[in-house]
Every structure is written in C-alpha cells, then in structure tokens.
Amino acid sequence: MKTRQLRLKHLIMGLAMAAFFLTSIGSIWSGYRMNVDSIKENSLETNRVYAQKLATTASAYLEEAFQILGYSAGHVESIMNNEAALDLETDRLKMQNNMFNSVIVTNADGLVLSVSPPSVDVKGKYLTSSGAQEALAKKTPLVSKPYEGITGRLIIFISYPIFSAKNEYLGMVAGTIYLKEKNVFNLLLGEHFYHDGSYVFVVDEDGRIIYHQDTSRINDVVIKNKAVQDVVAGKNGAKLVTNTMGVEMLAGYSAVPLAGWGVVSQRPLAVALEPSFDRVKDVAIKALPIMLMSIIILLWTAARIARPLQQLATLTEESLDSRNVEGLKSVRSWYFEAYYLKSALIRSLSFLQGQVTYFKDQSTTDPLTGVTNRRTMDAMLAEWHKNDLMHSIILLDLDHFKSVNDTYGHAVGDKVLQFLGQNMKAVARENDICCRYGGEEFIILLPNTTTEEAMVIAEDLRQRLANTNSPCGRPVTLSAGIAQYPLMAKTTEALIEAADSALYLAKQEGRNQVKIAGENNRVHM
C-alpha cells in the first residue's frame, strides 16, 4: 500500500511561494526603512536650516538694537539734565519700531531719569535688579540673563552705556523685553511652519528658555536636552533628541554668539514618520495586482517543471529533512529546469539557515549554565528602569574559583558554574531572574524587592553552596553584594556599581558572606 507523501510539485510551489513572499516583504521593509531614514535626514536638515535662519534674524535684531541704543546714547549725553527732552527721546525709542516693551534712561547710580511708556512706574527709582546692576558695573553694551525686574516682570535687559565727551560714565539707555508678554520674539520667530506639535524655542547660555510659544515654559531650564547642550556650547547642527517631556524630537539648532543664546527648532519624530506608513500602504495596494499575477505564473510554472523531477524530488526531500544544502549541491542538474530549481532551493535553504543562525544568536539563555544571558539581563534592567520599577539585585561570584580551574581543570570548573546556576534557580522566586554577568560573576534580579528580602534569598543561596559538595568534590563558597533601585542608585549602571562595591567589601572582609551596599557593619558570616 502506497503511503501518501508530499508531492514534489507541492514542495516546489511552497518553497517558491515562500521565497516570493519573503523577497516581497523584504523589499517593502527595505523601502520603508530607506523612506524613514530619508524623512529623518530631510527633517533634521530642514530644522537645522530653519533654526539657523532664525538665529541669524535674532543676531541681526540684537545688532540693530545696539546700534539704535548706541545712537541714542550719543544724543542723550547732552540732555541728561533736561527731563522733557529725555522723555521725548525715550518715547521716540519706544515708538520707533516697537523693538522694546519699555525704554529707560538712568544716571550712573541707576536712578531712572526717564521711562517709556510712563505706565511702567519706575521713574525716580533706583534699579536694583541683577540685569541693571550688571550693566551699571560693566559699563559696556550688554544683553542680560533673564531676571525679575522691580515691576515683577520676567525681563531681558539690553543696555548701552552713556559717556560724556570727557569719557565720564553718565549712565545708560536701555530697552527691556518682557518674556512672558507679547514681545519682539513673537514677531521674529512667530509660529513654527508646521502645525503638528513642532515648535521653536530660544535658550540663554544657562539653558533657560527665554522664548517659547507656550509662555508657561518660559524660564524653564532644559539643559538636559542634548540639542540645548550643544547650542549653549556654541555649536550648530541637528540630531534626534528626547525632550524634557520624554518625546523623541528631530531637532535643528543654531547659536546666537552675540548674546550667548541658542535657537532650537523641533519636530516630533512620530509626526515626521507618519507619512511613511501611508506610503508603504499605497505601494502594497498598487503592487497587489502584479503580485497576484506573479503568483499565478509562479504556480503554473512550478506545476509544469515538477513532472520529470522524481530524483530531484527525493533528494530535495532528504535535504529539507536534514537542512543539508551541500547535499543539494551534489545533484547533477543536467538540464535547464533542474538547474534553476536547484539554485532556487539552495538560496531558500541558505536563507532559512541564516534565519536559524540569527535567532540562535539572539537566544536569551547562557548556553553553559542555563540561566539568562547578559544581553537579556541588560534589556530587562533597562525596561525596569524605564518603568521606574523598584527592584534589588544580588551580584555574586564564587570565591577562589580560579583555584578550582587550576586544580580540577576547566571541565570541572564549568560543572561548578552549572551547579551554581542550578542552585540560583532553586532559591529564586517565580518572578526573579537568574543571570550570568560574566565569567564566574552572576546576578539575580529581584522585582519589587527590598534589600532585606534580597538578603534572605542571598543567604539561602550562600548556605546551600557552603553546605553542599560541588562537582569538584567539596563545597564552594560565594560572596555577594546587594543594592536597591531607586533607593541606592538612580541608574542601572550606578546600581550595579553599588552592588559591586558591596561585593568587593565582602571579599575584603573574608569572603563567604553577603553585604548590602552602603552598610558599614558585617552581615551574615
């Protein structure tokens, strides 16, 4: 009785279809990735150019402001004692081009001699604010850092000194910009050219926002933003950053050297990439008729060439079972159809073997000890840190493990490491994760666990090893250090360093013990 076996033509059809779909998906994915990279590069360059343009505009504004104030200072020198003339001059400066929210003239002691508009009630008062005092002290053209003026407003102070013909310092003429009110920045920068969550902001040399479309953000310090760090250092450029709200942004930035400012133009990465999904969908829909036609032709061709290939079918089936590409290569493809079929099968099987190798390389398990490997451990700690999950770690290694290898050989040493891995799993709880950190160093990750709870588990493991013969014929001991996030460290790297310091202390004080990071007293000998 004949057994029902997979027919060669079905096998050919299946492999051909698999190759076709894998190639199609790979092509679409490659096209999508190229599109994404192109969008990123274009968006970064667009934002860089836009930020540079705005920075140039801001520089030109400051230069113009100094020219206007400098010209006025030369005129005011001769009318310092004429109150009416001073009032006319400050009114002229204020109304000339609405460059400033207010204009003042002071004497050398900081007494306000004239102010425009008069509603700013500072005439006859001494300026005590940091910006004004800095200008009075330096006696040079100056752009101040943001500060709160005597009127209670958040201000930037742009001043120019007044000197007499004998080069005596008489005071200054200054314009102010009210940062949280309508000001010249609104005219210079306006709204970003997109209306999709993109925005422009300006920072001073300390990384403090002096202009933002959202006025509630003004005076915030955003120095953690990588783009801000670059621009306050005087750099121009563009990069992918994460803003202070945790949103990935495509940022372009440009410095304004005259004032130590920086202009940053940002666009959300998700918004920039949104069109790429639509484009992939459009490509797939437009290619569907061609794909269907290709499938029909493929199936018909496969059925036609399958009939005379019994020998090749048998060898192909054996090759599929053993994944033996070399066996397929030994088939003599003495005619056209056999040759191309063999070539397609070899390519498909090579692709599948590559995929198997890839996934093996991505394995999460340490092949020697059976515990989680370092790569997976790093990923898990990163995920816990991202989610701000409280957790503890136990960093441990075997005492005098080198002597085990030297005395009994590396084969026995490997068995001892396997023995340690088995005991780690035995003491670990359901949600704990046992990991090989490197060599004879291991880590146990304990979610939602305090150092006291971790100490119980570490002690259990230490006592198990100390009281049980290992594969080398005698007990081996361990030393361990414990640290807790976020109580003892704010980053994963700092957490491991803290645990490593505790482990080092345990080694120093005699080994075969467990230490908690930060404790000064000896714990559980």
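Residues numbered from 1 in each chain as written. Predicted model: local features only at pLDDT ≥ 70, side-chain atom pairs only at ≥ 80, totals over all residues. Heavy atoms only, no water.

**Q** Teacher, can you tell me more about the sheet that holds strand β15 (residues 478–485) here?
**A** Sheet strands line up and pair through hydrogen bonds in the backbone, either parallel or antiparallel. On the basis of which strands lie adjacent, the open sheet formed by five strands has the order β13-β14-β12-β15-β16 and mixed pairing. Whereas interior strands pair on both sides, the edge strands pair on one side only; in this sheet they are β13 (433–438) and β16 (514–516). Taking the axes of each pair of neighbouring strands and ignoring which way they run, one obtains an average angle of 20° across the sheet. With eight bridges connecting them, strand β12 (residues 391–398) and β15 associate as antiparallel partners. Looking at β15, one finds that Ile 394 is bridged to Ile 482. The sheet contacts of helix α10 (residues 374–386) involve β12, β13, β14 (441–447) and β15, and relative to β14 the element is tilted by about 30°. (Pairing = 2+ DSSP bridges. Helix = DSSP H or I, 4+ residues; strand = E, 2+ residues; numbered from the N terminus. Axes fitted to C-alpha atoms, helices over the stretch in contact; angles between N-to-C directions. Contact = heavy atoms within 4.5 Å.)

**Q** Would you mind showing me how to read unusual backbone geometry here?
**A** Only a minority of non-glycine residues have a phi that is not negative, and only a minority of peptide bonds are not trans. In the segment running from Ser 116 into Pro 117, the intervening peptide bond is cis, with an omega of 5°. Structurally, the position occupied by Pro 117 is in the loop between β2 (112–116) and α3 (130–138). Here the amide bond leading from Tyr 485 into Pro 486 is cis, since omega sits at 0°, within 30 degrees of zero. Along the chain, the position of Pro 486 falls in the loop between β15 and α14 (492–508). One non-glycine residue with positive phi stands out, namely Asn 219, at about 85°. On the secondary structure map, Asn 219 appears in the loop between β8 (209–212) and α5 (226–232). Residue class for Asn 219 comes out partly exposed when judged on its relative accessible area of 29%. A positive phi angle, near 55°, is found at Asn 512, a position not held by glycine. (Buried < 20%, exposed > 50% of the residue type's maximum accessible area, 1.4 Å probe, protein only.)

**Q** Help me understand the pairing of β2, please; the structure alone is not making it clear to me.
**A** Regular strands place their side chains on alternate faces of the sheet. Burial within β2 is extensive, with four of its five residues counted as buried. Inspection of the sheet shows strand β1 (residues 102–107) paired to β2 by four bridges, in the antiparallel sense. Its bridge partner lying in β2, Thr 106 is registered against Val 112. Two successive antiparallel strands, β1 and β2, enclose a turn made up of four residues, where Gly 110 displays a positive phi of approximately 90°.

**Q** What am I meant to see in helix α12 (residues 410–427) here?
**A** Because each turn of an α-helix spans 3.6 residues, side chains separated by three or four positions in sequence point in the same direction. Taking 1.5 Å per residue, 18 residues should reach 26 Å; α12 reaches 26 Å between its end C-alpha atoms and fits that length. All buried positions along α12 are accounted for by Gly 413, Val 416, Leu 417, Phe 419, Leu 420, Gly 421, Asn 423, Met 424 and Val 427. (Expected span 1.5 Å × (residues − 1).)

**Q** How do you make sense of the sheet that holds strand β9 (residues 237–242) when you look at a structure like this?
**A** Spatial ordering of the open sheet is given by β8-β7-β11-β10-β9, a layout of five strands whose pairing is antiparallel. In this open sheet, the two edge strands, each paired with only one partner strand, are β8 and β9. Across the sheet, the mean angle separating the axes of adjacent strands is 25° when strand polarity is ignored. Two elements, strand β7 (residues 199–203) and β8, share three bridges in a ladder whose sense is antiparallel. The residue bridging Phe 201 from the neighbouring strand is His 212, located in β8.

**Q** Before we go on, may I ask you to explain the packing of α12 against helix α13 (residues 451–466) in this structure?
**A** How two helices sit against one another is set out by the angle between their axes and by the gap between those axes. Between α12 and α13, the least distance of the axes is 10 Å, while the angle of their chain directions is 140°. The orientation of α12 with respect to α13, classified from their angle, is oblique. In terms of crossing hand, the pair formed by α12 and α13 is right-handed. On α13, the residues touching Phe 419, Leu 420, Asn 423, Met 424, Ala 426 and Val 427 of α12 are Ile 457, Asp 460, Leu 461, Arg 464 and Leu 465. For the contact of α12 with α13, the residue count by class is eight nonpolar, one polar and two charged. (Parallel < 35°, antiparallel > 145°, perpendicular 65-115°, else oblique. Left-handed = near helix turned anticlockwise from the far one by under 90°. Nonpolar A, V, L, I, M, F, W, Y, C, P; charged D, E, K, R; others polar.)

**Q** Explain the environment of Phe 401 to me, please; I cannot follow it from the model alone.
**A** If you trace the backbone, Phe 401 turns up in helix α11 (residues 401–408). Here Phe 401 falls in the buried class, since its relative accessible area comes to 8%. Sequence separation between Phe 401 and Glu 440 is 39 residues, and the spatial gap between their C-alpha atoms is 7.3 Å. Apart from residues lying up to four places away in sequence, Phe 401 is in contact with Gly 413, Val 416, Leu 417 and Glu 440.

**Q** Just checking my understanding: could you explain the nonpolar core for this structure?
**A** Here is a general trend for soluble globular proteins: nonpolar side chains tend to be buried in one another's company. By size, the foremost hydrophobic cluster in this structure holds 41 residues, and its most contacted members are Ile 158 and Trp 261. The greatest single-element share of this core, amounting to 13 residues, is contributed by helix α1 (residues 8–76). Setting aside residues up to four positions removed in sequence, Trp 261 forms contacts with Leu 62, Val 143, Ile 156, Phe 185, Val 202, Val 203, Asp 204, Ile 210, Ala 255 and Val 256. If you look at the next biggest cluster of nonpolar residues, it comprises 30 residues, including Leu 396, Leu 398, Ala 454 and Ile 516. (Core = buried A, V, L, I, M, F, W, Y, C linked by side-chain atoms within 4.5 Å.)

**Q** What's the story with the pattern of salt bridges in this structure? I'm lost.
**A** It is possible for side chains bearing opposite charge to pair when their charged atoms get close. Taken as a whole and assessed by the stated rule, the structure comprises 20 salt bridges. The partner of Asp 87 in a salt bridge is Lys 123, and the shortest N-O contact between them spans 3.2 Å. With Asp 87 in helix α2 (residues 83–97) and Lys 123 in the loop between β2 and α3, this pair connects stretches of sequence that are 36 residues apart. Lys 123 sits in the partly exposed class, given a relative accessible area of 31%. In this structure, the salt-bridge partner of Asp 406 is Lys 402, at a minimum N-O distance of 2.8 Å. Remark: Lys 402 and Asp 406 occur in helix α11; sequence separation between them is four residues, near one turn of the helix. Here Asp 406 matches Lys 402 in class, with each residue exposed. A network of salt bridges, in which partner residues are shared, links Glu 83, Asp 87 and Lys 123. (Salt bridge = Lys/Arg side-chain N within 4 Å of Asp/Glu carboxyl O.)

**Q** I would appreciate a short explanation of the packing of aromatic side chains in the present structure.
**A** Each aromatic ring pair is characterised by the separation of its centres together with the angle its planes make. By the definition in use, this model includes three aromatic pairs. Consider the rings of Tyr 147 and Phe 157, whose centres lie 6.4 Å apart with planes at 65°: the pair is edge-to-face. Of this pair, Tyr 147 sits in strand β4 (residues 147–148) while Phe 157 sits in strand β5 (residues 154–163), and the two are ten residues apart along the sequence. Take Tyr 147 and Phe 157: they sit in the same class, and that class is buried. The ring centre of Tyr 169 lies 5.0 Å from the NZ or CZ of Lys 139, which sits over that ring. (Phe/Tyr/Trp six-rings, centres within 6.5 Å; stacked < 30°, edge-to-face > 60°. Lys NZ or Arg CZ within 6 Å of the ring centre and 35° of its normal.)

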